[in-house]
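# An overview of the molecular structure
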Amino acid sequence: MHPLYWRSAIASIPVEKKIHLFYRSHEQIVEASSEDCKTWTTVSTITDEEAQEQSALTAFYCEKDTTNGEKPSIHIIYIDSRMRLREFVRALDAPSWKELPFPVGTPAPFYTTKLISGACHDDKGEETRHWLCYSCPTDTRLIELGRSVQGEWKEHKGLLTVLDHVMPGSDITTSQEGSTTHLLYQTSGDRVISLGGDYYQWTHNIRSNVEAILMRLGLEMNTMVVPTDTIFNTPLASCIDSKGKYYVFFVKEVEGENYVHAIVDGEQTSVALWTEGSFVGAVLLNDKPVLFMDQVANEEAHLCAFTNDGSSWSLLGEVTKSS
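Residues numbered from 1 in each chain as written. Predicted model: local features only at pLDDT ≥ 70, side-chain atom pairs only at ≥ 80, totals over all residues. Heavy atoms only, no water.

## Some details on the sheet that holds strand β4 (residues 41-47)
Pairing between the strands of a sheet comes from backbone hydrogen bonds, and it takes one of two forms, parallel or antiparallel. We count it as follows: Only when DSSP finds a minimum of two bridges between them are two strands counted as paired. In DSSP terms, a helix is any run of H or I states spanning at least four residues, a strand is any run of E spanning at least two, and both are numbered starting from the N terminus. Axis lines are fitted through C-alpha atoms, for helices just across the contact stretch, and the angle between N-to-C directions can take any value from 0 to 180 degrees.
The antiparallel open sheet is built from four strands, whose spatial order is β1-β2-β3-β4. Each of the sheet's edge strands pairs with one partner strand only, and the pair in question is β1 (10-15) and β4. Ignoring which end each strand starts from, the neighbouring axes of this sheet average 20° apart. The pairing of β1 with strand β2 (residues 18-25) spans six bridges and is antiparallel. In the strand pairing of β2, alanine 11 is matched with phenylalanine 22.

Below, the structure written as structure tokens:
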């Protein structure tokens, strides 16, 4: 496996029966895959001398991709050292990537920008739209780009109607529940906000079990259940299992040290010590949550996977470590 660039951004997506994980290794973006998150194989690499080593990256999978001959395809989007958005796509049965240039005039990201992306479908499952969200350096808002069948990326205004002010550099995370995408971000008032979106629009989150928790705790409908001692610009990750259990991961201080915590239906558990400045990512494997994060030992950064057996969090496997 290629060595991990310390504090690399990471992106993880389920594709058929495997988990695909993306991370930076100096001038390369590495794609690794695994069926159990214990043993990993390098699938492909993208070499870019202008890659920004600690900038964000995001990935998504589209089963019938009109940008790539309607083949099942994976997309990777990142920011290079000139603050440009770069997108590459490859078919599942092809090892090589091809670039999909962003249109001239696409709003520019910032060096603290976080990226999140995905594909959504209409009610009938007939139409697919790709989407990309990221923070804007000139405003406290999230940019939302959308791309319909065989179209180009275009800015959408839907998020602006429901957004509170976004904390500069806020992490962004999404999780999928049926046709609904749930998006989390941190506001300038230190709240973590939850939004729900589908093919047509974004709204404040109205998941019934989330609403019940919020009502019990006396919180507003659009405030996710994340404690007030969450750190400034906390990393965020999330996933939802087939039973609707919503896992949200964040960092909070405990007795002078920062730990990654998971919150599920209002209950908090500690996962592991957080490496300052590092990213986290979450995905489901066999309907169980898997959290990816850096762990440092002997001055080496290890990209590790953690899971929950139903009672506690434990190390599942090591993806790679720096040399």
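## So, the side chain of arginine 86
Under the convention used in this document: To sort residues, take the accessible area from a 1.4 Å probe on protein chains only and compare it with the maximum for the residue type: under 20% means buried, over 50% means exposed, and anything in between is partly exposed. Any N or O atom pair separated by 3.5 Å or less is treated as a polar contact, with the protein-specific requirement of one donor-capable and one acceptor-capable atom, and with residues adjacent in sequence counted only for side-chain atom pairs. What makes two residues a contact is simply this: any of their non-hydrogen atoms within 4.5 Å.
When you line up the elements, arginine 86 lands in strand β7 (residues 85-91). Arginine 86 sits in the buried class, given a relative accessible area of 12%. A polar atom in the side chain of arginine 86 sits 3.2 Å from the side chain of aspartate 48. With residues near it in sequence (within four places) discarded, arginine 86 still touches Asp48, Glu50, Ile76, Ile77, Tyr78, Asp80, Glu99 and Phe102.

## Observations concerning the nonpolar core
What counts is decided by this rule: To define a nonpolar core, start from buried Ala, Val, Leu, Ile, Met, Phe, Trp, Tyr and Cys residues and group those joined through side-chain atoms within 4.5 Å.
In this structure, Phe22, Cys37, Trp40, Leu57, Ile76, Val290 and Phe292 are the most contacted members of the largest nonpolar core, which totals 32 residues. Among residues more than four places away in sequence, those in contact with cysteine 37 are Ile19, Leu285, Val290, Phe292, Ala305, Leu316 and Gly317.

## Some details on the side chain of aspartate 48
Here aspartate 48 shows up in the loop between β4 and β5 (57-65). Given a relative accessible area of 10%, aspartate 48 falls into the buried group. Setting aside residues up to four positions removed in sequence, aspartate 48 forms contacts with Glu27, Tyr78, Asp80 and Arg86.

## Some remarks on the packing of aromatic side chains
Spelled out, the test is: Put simply, two rings from Phe, Tyr or Trp (the six-membered ring, in Trp's case) pair if the centres are within 6.5 Å, and we call them stacked under 30 degrees between planes, edge-to-face over 60, tilted for the rest.
Taken as a whole and judged by the stated rule, the model has five aromatic pairs. Aromatic pair phenylalanine 22 and tryptophan 97: ring centres 6.3 Å apart, planes at 70°, arrangement edge-to-face. Highlighted residues: phenylalanine 22 in strand β2 and tryptophan 97 in the loop between β7 and β8 (98-99), separated in sequence by 75 residues. Classification of phenylalanine 22 by relative accessible area gives buried; the value is 1%. A relative accessible area of 16% means that tryptophan 97 is categorised as buried. For the ring pair tryptophan 40 and phenylalanine 292, a centre distance of 5.9 Å and an interplane angle of 70° mean the geometry is edge-to-face. A residue pair is termed long-range when its members are at least 10 positions apart, and tryptophan 40 in the loop between β3 (28-34) and β4 and phenylalanine 292 in strand β22 (residues 288-297) qualify at 252 residues. The burial state of tryptophan 40 is the same as that of phenylalanine 292; both residues are buried.

## Examining the pairing of strand β10 (residues 128-135)
Where burial is concerned, most of β10 is hidden: eight out of the eight residues are buried. On β10, burial covers both faces: Thr128, His130, Leu132 and Tyr134 on one face and Arg129, Trp131, Cys133 and Ser135 on the other are all buried. In this sheet, strand β11 (residues 142-147) lies alongside β10 in antiparallel orientation, the contact comprising six bridges. Bridge pairing in β11 links tryptophan 131 to glycine 146.

## Regarding the confidence of the model for the protein chain
Let me state the cut-off plainly: Confidence scores per residue from the predictor, reported as pLDDT, run from 0 to 100.
Here the protein chain averages 80 in pLDDT, while 77% of its residues score no lower than 70. Of all secondary-structure elements in the protein chain, the lowest mean pLDDT belongs to helix α1 (residues 208-217), at 43, while β7 reaches the highest, 95. Counting interchain partners and residues more than four positions distant, the pLDDT-below-50 stretch residues 206-223 has 32 contacts.

## Points about the pattern of salt bridges
Test applied: Whenever a carboxyl oxygen of Asp or Glu lies within 4 Å of a side-chain nitrogen of Lys or Arg, that contact is scored as a salt bridge.
All told, the structure shown has seven salt bridges when counted by the stated rule. Between arginine 90 and glutamate 31 there is a salt bridge, with the nearest N and O atoms lying 2.8 Å from each other. On the criterion of sequence distance, the pair formed by arginine 90 in strand β7 and glutamate 31 in strand β3 is long-range, its members being 59 residues apart. Glutamate 144 is the salt-bridge partner of arginine 129, the closest N and O atoms lying 4.0 Å from each other. Residue arginine 129 is located in strand β10, and its partner glutamate 144 is located in strand β11; the two are separated by 15 residues in the primary sequence. On the basis of relative accessible area, glutamate 144 is assigned to the buried category, the value being 3%.

## A closer look at the environment of leucine 316
As for its position among the elements, leucine 316 is in strand β24 (residues 313-321). It is 8.3 Å that separates the C-alpha atoms of leucine 316 and valine 290, two residues lying 26 residues apart in sequence. The residues touching leucine 316, leaving out its near neighbours within four places in the chain, are Asp36, Cys37, Lys38, Val290, Ala305, Phe306 and Thr307.

## Side note on the sheet that holds strand β18 (residues 246-254)
Spatially, the four strands line up as an open sheet ordered β17-β18-β19-β20, and their pairing is antiparallel. Taken across any chain shown, the strands that pair with only one partner, and hence form the sheet edges, are β17 (237-240) and β20 (267-273). Strand after strand, the sheet turns through a mean of 30° between neighbouring axes, direction not considered. Alignment of β17 against β18, held across four bridges, turns out to be antiparallel. Each bridged residue has a counterpart across the sheet, and for isoleucine 240 the counterpart in β18 is tyrosine 246.

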